[in-house]
Amino acid sequence: MSVLTLASHPRDATALESAEAHHARLAGELAGRVKMLLTAVDRDPSAAEKIHAGLVAFCDRSLLPHAAAEEAALYPAAHRMPEARLLIESLIGEHRCLTTLVDVLRAAPSPAAVAADARAMQVLFEEHLAKENGLVLPLLAMTPEISLADLLADMHHRLANDSSDETSPEDQHNEEGHDMYEAQIEETGGGVCGCGGAEEANEPELDVRDVPHALRHATVFGALDAVPAGTAMVLIAHHDPLPLLAQIEQRSPGVFAVEYLERGPEAWRLRLSHR
């Protein structure tokens, strides 16, 4: 069944699709950061410290404000519906679990001490979004008395006000091009020049071949945001990721140099160095 069939108004259908796209970006960025942390813990403890700090900052900047905005703007309308009341209370409980896990990450003495908690947070968040995408958002979109578009606009407004008060210039740069309810970026052709001659060391690897398509590019962006300057990561894909490389260059012009380590046929391995 299509989203347009579920929604009571075209505006709500569009809002539903945009909210799902935003959820995919959040889940992908979290997955990329967690993957980088887990691999760096074993390979580069110094880099792991920075990735750990970046993961906590991402949660404070994006995940927790998103949860708070949902509880303020989105959940009350669903909670008033008898068929959704228990579900919303359960989702609020999951928000509390996410907050606890972020606090554990924040207080941990070392990245290795919280590797399992970081992975648990990722799994919980992905399951949480699946319930919102599959149950809460469609229910709100199909109810004529409720405007999902207006509810999400209220969420957007709350998050925009929070980010304008608290976001640093560096965070603004990292978040550039990522409006809350933007549609997923269309893949476009292009490429990034390589920087031959670099030797692969113990860089963490991000294998996206098994990552769902909807999360793939966001996962890479999240991982790249976790790569400290002067280090690199190795990307493994099932095809030559030219559209992705074009997006990386558009997103962060001149920041990452690309070197092909393997060119198929079963896998493409690329070293992305943060200048």
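Computed from a predicted structure; not experimentally measured. (Residues numbered from 1 in each chain as written. Predicted model: local features only at pLDDT ≥ 70, side-chain atom pairs only at ≥ 80, totals over all residues. Heavy atoms only, no water.)

Caption draft 1: The arrangement of the environment of F125 in detail. Considering the arrangement of structural elements, one finds F125 in helix 5 (residues 115-141). Once the C-alpha coordinates of F125 and E94 are considered, the two residues, 31 residues apart in sequence, prove to be 8.3 Å apart. Those residues in contact with F125, other than ones at most four positions away along the chain, are L26, A27, L30, L63 and L98. (Helix = DSSP H or I, 4+ residues; strand = E, 2+ residues; numbered from the N terminus. Contact = heavy atoms within 4.5 Å.)

Caption draft 2: Representation of the confidence of the model for the protein chain. Taken as a whole, the protein chain shows an average pLDDT of 83; of its residues, 83% reach a score of 70 or greater. Taking the mean pLDDT of every element in the protein chain, the minimum, 41, falls on helix 7 (residues 169-175) and the maximum, 97, on helix 4 (residues 85-107). Per-residue pLDDT stays below 50 along residues 1-5; that stretch engages in five contacts with residues further than four places along the chain or on separate chains. Within the model, the stretch residues 167-199 combines pLDDT values under 50 with 63 contacts to residues more than four positions away or in other chains. (pLDDT = per-residue confidence, 0-100.)

Caption draft 3: Fine view of the pairing of strand 2 (residues 232-237). A large share of strand 2 lies buried, amounting to six of its six residues. Burial of strand 2 is two-sided: the residues A232, V234 and I236 facing one way and the residues M233, L235 and A237 facing the other way are all buried. One ladder, built from three bridges, connects strand 1 (residues 205-207) with strand 2; its direction is parallel. Paired with D207 across the strands is I236, a residue of strand 2. The β-α-β motif built from strand 1, the intervening helix 8 (residues 213-225) and the parallel element strand 2 has right-handed crossover chirality. Two strands pair when backbone bridges link them, and strand 2 and strand 4 (residues 268-274) are joined in this way by six bridges, in the antiparallel orientation. Residue pairing in the sheet places A232 in a bridge with S273 of strand 4. (Buried < 20%, exposed > 50% of the residue type's maximum accessible area, 1.4 Å probe, protein only. Pairing = 2+ DSSP bridges. Right-handed = clockwise from strand over helix to strand, strands pointing away.)

Caption draft 4: Molecular detail of the pattern of salt bridges. For the structure on display, the rule yields eleven salt bridges. Salt-bridge contacts for R209 lead to D207; the nearest nitrogen and oxygen are separated by 2.7 Å. By relative accessible area, which is 35% here, R209 ends up partly exposed. Residue classification places D207 among the partly exposed positions, given a relative accessible area of 29%. Residue R251 is joined to D225 by a salt bridge in which the shortest nitrogen-to-oxygen separation is 2.9 Å. Residue R251 is located in helix 9 (residues 242-251), and its partner D225 is located in helix 8; the two are separated by 26 residues in the primary sequence. With a relative accessible area of 12%, R251 lands in the buried category. Because the salt bridges share partners, they merge into one network encompassing R33, D225 and R251. (Salt bridge = Lys/Arg side-chain N within 4 Å of Asp/Glu carboxyl O.)

Caption draft 5: Expanded view of the packing of aromatic side chains. Within this structure, the stated rule accounts for zero aromatic pairs. Sitting over the ring of Y260, R263 keeps its end group 3.8 Å from the ring centre. (Phe/Tyr/Trp six-rings, centres within 6.5 Å; stacked < 30°, edge-to-face > 60°. Lys NZ or Arg CZ within 6 Å of the ring centre and 35° of its normal.)

Caption draft 6: Spatial organisation of helix 8. With 13 residues, helix 8 should cover 18 Å at 1.5 Å per step; its first-to-last C-alpha distance of 19 Å lies within 8% of that length. When you tally the buried positions in helix 8, you get ten out of 13 residues, the bulk of the element. Listing the buried residues of helix 8 in full gives L215, R216, H217, A218, T219, V220, F221, G222, A223 and L224. Those residues of helix 8 hidden inside the fold are in contact with helix 2 (10-43), strand 1, strand 2, helix 9, strand 3 (256-263) and strand 4. (Expected span 1.5 Å × (residues − 1).)

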